[in-house]
Each structure stands twice: as structure tokens, then as C-alpha cells.
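Remarks on the overall topology
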Amino acid sequence: MEYEAVIGLEVHVQVKTESKIFSSVGVGFGAQPNSLTDPVVLGLPGVLPVINREAVEKSIKVGMLLNGSIPRVTKWDRKNYFYPDSPKNYQISQFDRPICSGGELEIELKGPSRNVMGEHKTIALTRAHLEEDVGKLIHLEQESLVDFNRAGTPLLEIVSEPDMHTPEEAYAYLTALKMLLIYGEVSHCDMEKGQMRCDANVSVRPAGQKKLGVKVEIKNLNSISGVRNGLAYEIERQIQVLLGGGTLVQETRGWDAAKGMTYHLRSKEESHDYRYFPDPDLMPVRIDRRWRERLRASLPEKPFDRQRRYFDQYSLPYTLTSVLIPDPELCHFFEEAAKRAKLPRQAANWIVNNLLGELGKAGLTLSESKVNPAKIAQLVNLIEEGVISKNLAKERVFPEMFKTGENPAAIVQAKDLGLSESAEELEKICSEIVQANPDTVAEVLSGNKKAINFLKGRVMRATRGKANPALVGPLLEKLIAEKG
Amino acid sequence: MSGPHSIDIDYVAQLARLELTAKERERFSGQLGDILQHFAQLNEVDVSGVEPMAHAFPVENVFREDKSEPGLPPEKALENAPRKRNNMVLVPKVVEG
Amino acid sequence: MPGEIHFQTLAQLQEALASKSVSSVELTRRHLDRIEAVDGRVQAFNSWDEEDCLRQAEASDERRAAGKIKGPLDGIPVGLKDVIAVKDQPLTCSSRMLERFVSPYDATVTSRLKNAGAVLLGRLNMDEFAMGSSTENSAFKTTFNPWDTSRVAGGSSGGSAAAVAVGELPVSLGSDTGGSIRQPASFCGVVGLKPTYGLVSRFGLVAFASSLDQIGPFARTVGDAGRLLQVIAGHDPRDSTSIDTATPDYSKALAEKKGPWKLGIPREYFAEGLDPEVKEAIQAAIDWYADRGCEMVEVSLPHMHLAISVYYIVATAEASSNLARYDGVRYTHRSDRAEDVVDLYFKSRAEGFGEEVKRRIILGSYVLSSGYYDAYYLRAQKIRALIRQDFSKAFAEVDGLLTPTSPFVSFKAGEKTRDPLAMYLSDIYTISANLAGIPGISLPCGFNSQGLPIGLQILGEPLGEANLLAIAQSFERAHDFIDRHPNPSPPD
Ligand SMILES: [Mg+2]
Ligand SMILES: [Zn+2]
């Protein structure tokens, strides 16, 4: 029998703020244990929360980026459960009026090859709500230690519908979500720092069946590929159970990345009765039209929209866009260059193929680059205007630009790399080369057109690369034809 | 579910993480039964169309700006902790789940 | 300064300090002496730190000598209910759970008192976590009524009321979730004011029921209650439920507002269960207001009879969540019998909480639990809205409502502890003010045949404290109840 998997994801992303969600102590990663706390974070007797405006605004922006509906009023609820990492034994979260309802996320599946765009799909979302993070437990042999540094960090929980069917789709979903949130400048989504965490719900059912199978929740999927691998394992496990005539039980399982398998954590019967109720310490938030409009005006172009624009506006090939699009800073760099370059596509080429390569080799980031967009544009234009050959630009000009940050035009002049101006002189050189290589000429004449490249090379060497390749080819052809 | 004015005391004590003695369980069950019976009077009222009141004085949009300030030093944060180690609170082993 | 320093009003003490006829050190020492002398019988205090008090007083005297007093309370001893945080002082909530807890921070009211120069003099006893009406639920001691030490001081702010009544303090702060300021004030024969919800910051007040709790003053006169309110009221950005509005000048309002007022008598407050002597005293007060030209109207609060049920659902639900943090992990009592961390919760909470607290946590967890939320909590919140509506309708017509504070005077210790429902029902006159968020004041309006004080409650519209104080003061000035002081008998 064929089985189909049904997958839904619950993703927690850390909303980018300077201070915690309900008090003013700073947020951070890797600090000394319990050095990022205050009475509110620790839930000491008598303390009260006050919501961080930035966390709310950024969450509304996420809701808008996800095409969700933003309610006129959103409010805060307490989710009651006991756990040693929870300072108050309730989590301030949102229950019936989340900051965003519904929505969707456009994803791109992997294409047949790296050069070919994959299929695009839209995954339906249930909701997104804002809540506080808990502390961190460190397990020792006999005891556990609690560090509350992470407690009170603002988290946005984004819940998808059970709308995915393969681990690849889940992978694409997380990739697209991360890209979108980075675009919105609402989260860094650094999974290694716990800024993006994912739980998955997965069930399998006979292909074609409407009714959902028994749902299993997987926790501790700590990387995007962990999500893919964990799901792949779990789907296969469930199918094997069914094929073996067994039955599945609703349960929560953990993902052990080292062993590459999921394991039982708790069963449904042990699930919680959270006793949600409105938090009396926090007032509702009314999101009026003016506020909405201001936030909407601040939204960035979405990644896939930008990609489509790059196809249309600049005729960029997929391969170039797939490098540019995930990195908004790089996109900005490119667009600045494109504004000034006669051939924006060439600018993209230089950025992706040359600049990124050099930066990588030098271990530098884009912001540390001495080459700016204007210089890339100038280089593109020098080639396009026939001032310098592409080869010399690549071998002599660009490395110098990269090293010194000098203008390409200045480098061309200083090193005298400009293309030879005199057609007479070029014709003389070409003529000499043709004379000196009768065998090659004969080969060309006998039909091997490619043999002419040898002669072109000779000309370039004789001119130290300064010959305009656009002129050399036709000139050689003319001279050979005269021989024929 | 048992009768309308009784309480599943074991379930609720479990939710509340309260260990009750047999005496307490019995006494509370009786007393809370009486109290629930009293609460039944609330069913007299037609509350359709009434907005629930969560706050005694309605205010909206109370925020703090996103500025960070120093918090408590770790020693101060853990001053009242019954047991600690390496600036962390020490508890008996937590079993995952 | 003449003899009975500990029965002077706050206003008189302020004057004495200003004229340097007494120093803060002397004032403080005399109050400490009084505590030494009578607290063994009254048991109003959980703790006090004599050295620290005298240090604060010395600092105040130095400021005054240098002509740099901080504010209106400079040098005045003020006591705090043991539920309000003071940096580096214990904050026990009269619970084993927090017996050893020392607060690393100040409540907002504490900062305000410090900024006004007050000498913070000790921690006052209360029902554990403010749950109770007699201070018998304190894990440490019962506070007895200074007028008859076989009787209770009321609760939950019994310590705050008794200390002021017996002259251990000129003023104190308590908290009122369902009458916990007004009822002990009436039992002890002092003035107690529960402000409008949101007028006084709750930051640093250990939460019992967050949507009902409010800090307020105890004093021997209405004017003194206004003076203390002046210092603690006002917007606090650390409390989201704090009202962002300018605080009126209460003393000025008291001087200006002379009435007559239009006053309402809610008929539901005079039904069965009201002690005849209490009823008589309240009626006399009503007559007094009528005689001096106030227009008296009968009003109706049709949902009043549901208030107890609504209150005990809302309050216990919120409490069950607020008290979840006391679990043995971070700062409370931790059981040493626990096998694992889950067991640690069960045992620490079993050992740390007293019976009433456990009962309310169970009830509150139940009304929120799966399947019961709509029937109890949600329905209670809706009826709460109707109760508030009843009051708004009444206040559209009248300036204040006159009612008894409690259906009876102080009762014998141990008399009501066995029947929690009966104890809950005794909050009947006070709790609806908390549900509606309106202010209420209790002031002495007579004594019964056994010499026990009776309290008159006046309720006002939200933020109507100035009016409320003026209405109360007009009565107080025409009577001499504040001149009578208890003299607690030595133990047998
Ligand atoms: Mg969730
Ligand atoms: Zn969550």
C-alpha cells in the first residue's frame, strides 16, 4: 500500500529586541548563567509584566508578511503548567486572540538541478502568537541546573496547518520562513543560538484517504536539516508499523540527531490541562488603522517577489538569483550596482562569481568589502564600452580593486590596460599573426572554425590583452578569407 | 465526571501540584462541594451578549519601550535559592518529558 | 511633646516634627517601646528591625537639621503589611513558603514612602497570602483585636489595622482584595481605604488575585488616610494596570468639599444576616447625613447577591495561577523529602502552604480546568461586568453609597475557622467594590454594647477618592469615635 504523510510545523522564532518581552533586562546568548535576569524574569513575588512595544510591532509585521489577518484587539493569556525552567509555572502567551490568524507561506521545493528553479507552493498557516521563553535546563548525573538567562525572551510561535506531505516540503518551509523573517528584520533566526526552534506534527495515512492518521509530535528538531531527517525517519517508522500490522499511538517523541532516530517522550494521556485564562496583569492591545498602515508601509518586498522582479527587470538567470535572494544585504548591493550599470545582469555576475569568491577566500563579509556597488557598475560599464577586455578586467583590474578599493577606471589608466585604440595598428598585428601561422589558417579554411581561437590568443598575447576582442575576431576572419 | 457539585479532588490536586493528606482530601471535597453548590446560583442569570470583564479598570495599549537596563547580579538573583551551584539553581534530576 | 505620642494623628506628628518639638528618633523609639509593650498581646507584627528603624530615623533627623527633608512623611513611622516588598527585608506573606525570603527589590509604594522620607517600621501580620478575613490564617500567629484580645483583628490586613488601632504606628499600608483593608479597619475601629483599582501601583505587592488586589492606607483619621494615599497614589509604568492620570490634592479637596451630597442606600445591603447593633449604628449614620441636608435615595444593585460566587471564582482562579510560582525551586521553602523534581513540587507546596491557601488553590484550579472554564470562570467574568454596570448606574445618580462594612463586629478567635463558606459569606459588603474596581472607605461609626467598634462603609465611583474622603470626614468631625482608644488587657 502507498502511504502519504501529513506534516504540520510549530516554529518558535526569537523576535529581535534589545530587552526582554516583559521587563527591561537585556536579551543575549552565551552570557554567564543567571546574569540576564531581574525580579520580573525570575517571577519573584510581587512583580508585574509590562509588554515590550517592539516585540508587538515586529510580530504584527510578521503577521502581515505571512498574509495573516491582524485582529483589531489582541490580548495575553496565561498557560499554566509546572516545569523547573518556568519561573512562574505559567507562561504568558496568547490563546484565543493571537496577534495573527491564518496566513500562508510561499515555499520553493528543490529543483531537478541546482540551475533549475523548483516548484513553488503555498502552505496554509493556522496562527502566530507572541509569548515568553522559559529558562534552560542543564542535566547532570543526579541533578539538574537551571539558568534563567533565556527566560522572558520574546518568542513568536508560528503554527502551520497540516499542509505539508514530505520532509522536503518541511525543509523548504523552514528555509522560506527564515528568509522571510530575515527580510522583515524581525528575527535573526539563528538556530544554533536557539533563535528558531521547530516542533513537527506528523501522521501517515493510506494515499487517497481523507481522514488523518494518528498524530505524533516530534520535539528537539534543532536544525533545518534535523527537521528533514527527523521527519524522514519518523514517516518511515510509522509506515513500517502500519505495514507490520501494528497500530500507532498518539505520542510525543524526541529526535536524537546523533543516533538518527526518534524516541518516545510521553503519551497523550499525560498531556496537559493548561487552564488558559486572560492574564489580569496585562492589558489588551488595540491595533488601529494608523498603526497598521504605518507598519504595512515598513514591510519589505518579500523574497520570492523580489526574485520574480529580478527575472523580469534584470533578466537574471535563476542561478544568480538563488545566490542573491536569500541575502537581503547582497540584494541591496546588487541593486545599487544595477542602478548604475549598463548591463545589470553583468553586475550580478561580477558580484556572485567574483566578489563573493574573493570575500570568501579573504574571510570577509560583504560590509567589509572595499569594492562598493558603484565600482562594480563602473567595471561593467568599462567592459561594455570597450575600454577594457573582460579577461583583463577579471585578471588584472578586479583583484586590484578588491585589494585596494581603487576605482576600476583609475586602475585601467594606471596600469595602461585599456584596449588599443588604433584599428590600423591592430590590423597590422593581425596580419603578421596570420602570415606567421599558415597551418592554422589552412585548418580554418578547411572548415575547423574553432582553430581561429588559437590565432585570437596570439593576437591577445601580442597586445598584452589590450586588443578589443569584439574587433579581433572579425578582423582575423576577414584576413583568412583573403588567403582563401 | 461525577455529580454536579463534586470535584475530582485527585485530578485537581495533580494539576495544582499539591500533595494532600487523606484528611485534607476528604475535608476539601466536602467543603468545595458546598461552595460549588453555592456557585450554582450563577446559572440564574442570562449572560448572553455580556462581554466578560477581565480587568477592573479598562485601559489599552500599555507598553514599555525596548530599552535595556542592567538586571540583578547573579548572586543577588539566586540569593533566596534553596540550593545552587555555579550560579544556577540546583534541583533534583529533571526527567525529560 | 505631651504624653500619648502613639495616639497622635499623622497630621499632629508632622507638625511636631516640623516644629522640632520631637525628633524622628524619639518618635520611632516611642513607637518601638509601644510595640515592645503591647505586641505580645496583639501580635500585629511579624518582624521589625529596631536598629534599622532607628538608623532611618537618625537619617531623617539629619535631613531635617540640614533643612533638606525629602517629603511629607519625613521621619514618620509607617508599617507595611508583610505582602509588600521592601528591598533587603523579609517578605513572608505570613506563609511558611516564604518564611526565609528576603526581597531584592522595592515595591513602588515602598519607593514612594522612602522618597517621602518615611521610617519603614516592620512587617505586619496578615492571613497567609492575604487569604482570609481574620488573620487566623497566618502561618505564624493570630493578630488579636486590641479592643478585646480574645477576638480577631479581622483580615487579611489584621496586623496593619491592629497596629494603628493600638498606637504601635500612626499609619500603615494594607492590601484589599475582597475587603481586607475595610473589614479589619471596621473591626479595629480605624479608618481603612481601598482605592480605585489602578490608582495605587501593585508592583511589589505579592499577588493574591491580580484583578482585585489594591494597596491602601490605614489611619486613625480620614485626613491621615488621605495624606498617606497622596504619597502612594499615581501612575507607575511598571504596573500595566496602573491608571495614567494626575493624582488630585486630597488635603485640598478635603478642605474644599463640604457637601451636602446625594447619597444612596443600597437596599440589598440591609437584608438578612446583618447584626442588629451594626444595623442600628449604620442607620444612625444615615440619619446623621440626612439631618445635615444630604439627599438620601434608595438604590438597587440587582446582582449583588451573586457577588460572593463571582468573587470566589475569579479570586481563586487568579490565585491558583499566581501561587504556582511557589514550588520549592527558586526561592521558596523546599521540601527535603522529595525524590525527584515533580515530587519536589507536591511536597514543598504541601509543607509550605496552609489549609486555606490549599483550599483556594484547589478551587481555583478546578474552575479553570478543562470542561469547567465556561461554566465558572467565563460566566463569573460576565456577571462581574453586570455588577460593575449596577454600580455605574447607581453613581450616575448619587455621590456615594452608605453601607455597613461587615455584617457583624469582630468575632471570637476560632469561632468561624471551621466553616469556610460561612467565612466567605461574611465578605458580602466589601467584595463587590473589588469586583467593580471602585473605591471604598471604612470609618468608625459607633461601638456595640460590648464596646466593639462598628464600621461604616462609603463606596464611590472610580477615582472618586477625594469625594469619598470628604463625605467620610464630615461624619468623622461631627463625632468623637476617633478619640477612643483600646487598651489591650494584659494576658491572664
Ligand atoms: Mg505550541
Ligand atoms: Zn510556544
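1. Quick notes on the overall build of chain C
- When helices and strands are counted, chain C shows 16 helices and 13 strands.
- Taken against the 2.2 N^0.38 rule, which gives 23 Å for 492 residues, the C-alpha radius of gyration of chain C at 21 Å falls within 12% of a compact globule.
- Taken along the three principal axes of its C-alpha coordinates, chain C extends 65 × 55 × 50 Å.
- When contacts within chain C are restricted to residue pairs at least 6 apart in sequence, those whose partners lie at least 24 apart make up 75%.
- If you sum the accessible surface of chain C, you get close to 14800 Å²; carbon and sulfur atoms cover 47% of it.
- Each charge class in chain C was averaged separately, 51 positive and 62 negative side chains, and the resulting centres sit 3 Å apart.

2. Quick look at the domain arrangement of chain C
Residue and element names in this part refer to chain C.
- Once the domains are mapped, chain C shows domain 1 (5–268 + 279–300 + 389–483) and domain 2 (305–378).
- Contacts between the two partners involve 27 residues from domain 1 and, on the opposite side, 26 residues from domain 2.
- Taking both partners together, domain 1 and domain 2 bury about 2300 Å²; carbon and sulfur atoms supply 69% of that area.
- Per-residue buried area on domain 1 facing domain 2 is highest for Met 97, Met 131 and Tyr 424; these three make up 32% of the total on that side.
- Taken together, domain 1 and domain 2 are joined by zero salt bridges.
- Here domain 1 is connected to domain 2 by eleven residue pairs in polar contact (both at pLDDT 80 or more).
- Among the residues making up the side of domain 1 that touches domain 2, the classes are represented as 16 nonpolar, eight polar and three charged.

3. A word on the coordination of the magnesium ion (ligand 1)
Residue and element names in this part refer to chain A.
- Taken together, Glu 10 (OE) and Glu 157 (OE) make up the protein donors of the magnesium ion (ligand 1), found 2.4 to 2.8 Å from the metal.
- The metal-metal distance between the magnesium ion (ligand 1) and the zinc ion (ligand 2) comes to 4.1 Å, with Glu 157 coordinating both. Residue Glu 10 is located in strand β1 (residues 3–14), and its partner Glu 157 is located in strand β11 (residues 154–160); the two are separated by 147 residues in the primary sequence.
- Taking the relative accessible area as the measure of exposure, Glu 157 reaches 9% and is therefore buried.

4. Quick look at the interface of chain B and chain C
- With 54 residues of chain B in contact, the opposing surface of chain C contributes 67 residues.
- At the boundary of chain B and chain C, one finds five salt bridges.
- For Lys 76 of chain B, the salt bridge is made with Asp 88 of chain C, and the minimal N-O distance between the two is 2.9 Å.
- Between chain B and chain C we count 16 residue pairs in polar contact (both at pLDDT 80 or more) in total.
- Elements that contribute at least two residues to the side of chain B that touches chain C include exactly α1 (9–15), α2 (22–39) and β3 (88–92) of chain B.
- The element that contributes the greatest number of residues to the side of chain B that touches chain C is α2 of chain B, accounting for ten residues.

5. Quick look at helix α12 (residues 355–368) of chain C
- The terminal C-alpha atoms of α12 of chain C, which comprises 14 residues, lie 20 Å apart, in line with the 20 Å expected from a rise of 1.5 Å per residue.
- Most of α12 of chain C is tucked away: 13 of the 14 residues are buried.

6. Quick look at the nonpolar core
- Within the largest apolar cluster, 283 residues are counted, with the highest numbers of intra-cluster contacts made by Leu 9, Ile 158 and Tyr 173 of chain A together with Leu 113 of chain C.
- Setting aside its immediate chain neighbours within four residues, Leu 9 of chain A contacts Ile 158, Val 159, Ser 160, Met 164, Ala 170, Tyr 173, Leu 174, Cys 198, Asp 199, Ala 200 and Val 227 of chain A.
- If you look at the next biggest cluster of nonpolar residues, it comprises 26 residues, including Val 38, Ala 161, Leu 169 and Cys 188 of chain C.

Parameters and conventions
- Residues numbered from 1 in each chain as written.
- Chains lettered and ligands numbered in written order.
- Predicted model: local features only at pLDDT ≥ 70, side-chain atom pairs only at ≥ 80, totals over all residues.
- Heavy atoms only, no water.
- Helix = DSSP H or I, 4+ residues; strand = E, 2+ residues; numbered from the N terminus.
- Rg over C-alpha atoms; globule rule 2.2 N^0.38 Å.
- Contact = heavy atoms within 4.5 Å.
- Areas by Shrake-Rupley, 256 points an atom, 1.4 Å probe, with all protein chains shown as cover.
- Lys, Arg positive; Asp, Glu negative; His and termini not counted.
- Charge placed at Lys NZ, Arg CZ, Asp CG, Glu CD.
- Domains from an automatic or database assignment.
- Buried area = accessible area lost by both parts, 1.4 Å probe.
- Salt bridge = Lys/Arg side-chain N within 4 Å of Asp/Glu carboxyl O.
- Polar contact = N/O pair within 3.5 Å; in protein donor to acceptor, adjacent residues only side chain to side chain.
- Nonpolar A, V, L, I, M, F, W, Y, C, P; charged D, E, K, R; others polar.
- Donors = N, O, S within 2.8 Å, 3.2 Å for Na, K, Ca; no water.
- Buried < 20%, exposed > 50% of the residue type's maximum accessible area, 1.4 Å probe, protein only.
- Expected span 1.5 Å × (residues − 1).
- Core = buried A, V, L, I, M, F, W, Y, C linked by side-chain atoms within 4.5 Å.

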